[in-house]
Amino acid sequence: PGYGFFSENSHFARECKECGLVFVGPSPEVIERMGDKDAARRTARGAGVPIVPGCDLLASAEEAEAEAERIGCPVLIKARSGGGRGIRKVERPEDAGRAFTEAHAEAEAAFGDGECYMEKFVSPAHHVEVQVLADAHGNVVSLGERECSVQRRNQKLIEESPAPCLDAHPGVRERMHKAARDLTRATGYVGVGTIEFLFADDGSFYFMEMNTRLQ
């Protein structure tokens, strides 16, 4: 199905399956679960992969304020359907309600899905991605990583591989690759995919999302 957003369209994958065609990629169920960033966080947590402290889907502006107070600002409100839209940074808990309303509306307009969740804002941090490849027999390999921290409007401009930010932290690269493989295996994934992590300067890293396609 290629490398664009069409390749992670679960409806297309399901149509192929129902028509007896082989979709060279993950099942429609896996595409849906990992494409939903809130569900992906829960899946990662169950697989023992570290995730950014936060909360599941927000129901209201009032809940957003309460969760921002509990988690501790700054936080990010993020659309579960993602893609660089529907993201708001919140510096004070009292601003979380308005930020939630704005993010919800933007995500609804962009993706037809306004559901949002909240994460602690990790800074300074690097954006590191690990490419994974899995077959239908449970075998998973990781194919190196790349740093994608140079961005504009939440879209990547430069990717550098191997990620230089990992060089000063012995063992982190291996642990990050293992986490990516563990999560891929836990989902029953088949095909090529991309696991995205936030990497902090203290050597800690957190699962951010999975793209169920080749980037």
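The coordinates are above.
Predicted, not measured: the structure shown is a model, and the values here were computed from it. (Residues numbered from 1 in each chain as written. Predicted model: local features only at pLDDT ≥ 70, side-chain atom pairs only at ≥ 80, totals over all residues. Heavy atoms only, no water.)

Undergrad: Where do I start with the overall build of the chain in this structure?
TA: Of regular secondary structure, the chain possesses six helices and nine strands. Computed over C-alpha atoms, the radius of gyration of the chain comes to 17 Å, within 12% of the 17 Å expected from 2.2 N^0.38 for 215 residues, which places it in the range of a compact globule. A buried classification covers 45% of the 215 residues belonging to the chain. In the chain, once contacts between residues fewer than 6 apart in sequence are set aside, the share between residues at least 24 apart is 55%. A total of about 10,600 Å² of accessible surface is found on the chain, and carbon and sulfur atoms cover 53% of it. Separation between the mean location of the 26 positive side-chain charges and that of the 35 negative ones in the chain comes to 2 Å. (Helix = DSSP H or I, 4+ residues; strand = E, 2+ residues; numbered from the N terminus. Rg over C-alpha atoms; globule rule 2.2 N^0.38 Å. Buried < 20%, exposed > 50% of the residue type's maximum accessible area, 1.4 Å probe, protein only. Contact = heavy atoms within 4.5 Å. Areas by Shrake-Rupley, 256 points an atom, 1.4 Å probe, with all protein chains shown as cover. Lys, Arg positive; Asp, Glu negative; His and termini not counted. Charge placed at Lys NZ, Arg CZ, Asp CG, Glu CD.)

Undergrad: Would you take a moment to explain the side chain of D38 for this structure?
TA: Note on placement: D38 falls in helix α3 (residues 37–46). A relative accessible area of 3% places D38 in the buried class. A polar contact is formed between the side chain of D38 and the side chain of R42, at a distance of 2.3 Å. Those residues in contact with D38 that lie beyond four places of it in its chain are D56, L57, R80 and Y117. (Polar contact = N/O pair within 3.5 Å; in protein donor to acceptor, adjacent residues only side chain to side chain.)

Undergrad: Explain unusual backbone geometry to me, please; I cannot follow it from the model alone.
TA: Note on backbone geometry: most residues besides glycine have negative phi, and most peptide bonds are trans. Going from S123 to P124, the amide bond is cis rather than trans, its omega being -5°. Put simply, S161 and P162 share a cis peptide bond, and its omega is -5°. As for its position among the elements, P162 is in the loop between β7 (155–160) and α6 (172–186).

Undergrad: Whenever I open this one, the packing of aromatic side chains confuses me. Can you help?
TA: In this description, an aromatic ring pair is defined by two values, namely the gap between the centres and the angle between the planes. As enumerated under the stated definition, the model contains two aromatic pairs in all. Between F12 and F23, the aromatic rings sit 6.0 Å apart at their centres with planes inclined by 75°, giving edge-to-face as the arrangement. Highlighted residues: F12 in helix α1 (residues 10–18) and F23 in the loop between α1 and α2 (28–35), separated in sequence by eleven residues. Judged by centre distance (5.5 Å) and plane angle (90°), the rings of F197 and F205 are edge-to-face. An identical accessibility class is assigned to F197 and F205; each is buried. (Phe/Tyr/Trp six-rings, centres within 6.5 Å; stacked < 30°, edge-to-face > 60°.)

Undergrad: Sorry, what's going on with the environment of D36 here?
TA: With respect to the helices and strands, the residue D36 is situated in the loop between α2 and α3. Note: C-alpha distance between D36 and F121 (85 residues apart in sequence) is 20 Å. For D36, the side chain forms a polar contact with the main-chain nitrogen of D38, separated by 3.0 Å.

Undergrad: Got a minute to help me understand a nonpolar patch on the surface in this structure?
TA: Taken together, the side chains of L133, V141 and L143 make up a nonpolar region of the molecular surface, amounting to roughly 250 Å² of accessible area. Note that L133 resides in strand β5 (residues 125–134). The partly exposed category is assigned to L133, whose relative accessible area is 37%. (Patch = residues over 30% accessible without salt bridge, like charges linked within 9 Å, V, L, I, M, F, W, Y side chains within 5 Å. Salt bridge = Lys/Arg side-chain N within 4 Å of Asp/Glu carboxyl O.)

Undergrad: How should the pairing of strand β8 (residues 191–200) be read in this particular structure?
TA: Side chains on a regular strand alternate between the two faces of the sheet. The buried fraction of β8 amounts to nine of the ten residues, a majority that puts the element mostly inside the structure. Two strands pair when backbone bridges link them, and β5 and β8 are joined in this way by ten bridges, in the antiparallel orientation. From the neighbouring strand, H126 faces β8, where its bridge partner is F199. As judged from the six bridges shared by β8 and strand β9 (residues 205–211), these two strands associate in the antiparallel manner. Each residue of the ladder has a partner; that of T194, found in β9, is N211. Counting the residues that bridge the hairpin from β8 to β9 gives four residues, and of these G203 lies at a positive phi of roughly 95°. (Pairing = 2+ DSSP bridges.)

Undergrad: I tried to follow the pattern of salt bridges on my own but got confused; where do I start?
TA: Side-chain pairs of opposite charge can arise where the charged atoms are in close proximity. With the rule as written, the count across this model stands at 26 salt bridges. A salt bridge links R88 to E102, with the shortest nitrogen-to-oxygen separation between them at 3.2 Å. You can see R88 sitting in strand β3 (residues 87–90) and its partner E102 sitting in helix α5 (residues 96–111), a full 14 residues away along the chain. R88 sits in the partly exposed class, given a relative accessible area of 22%.

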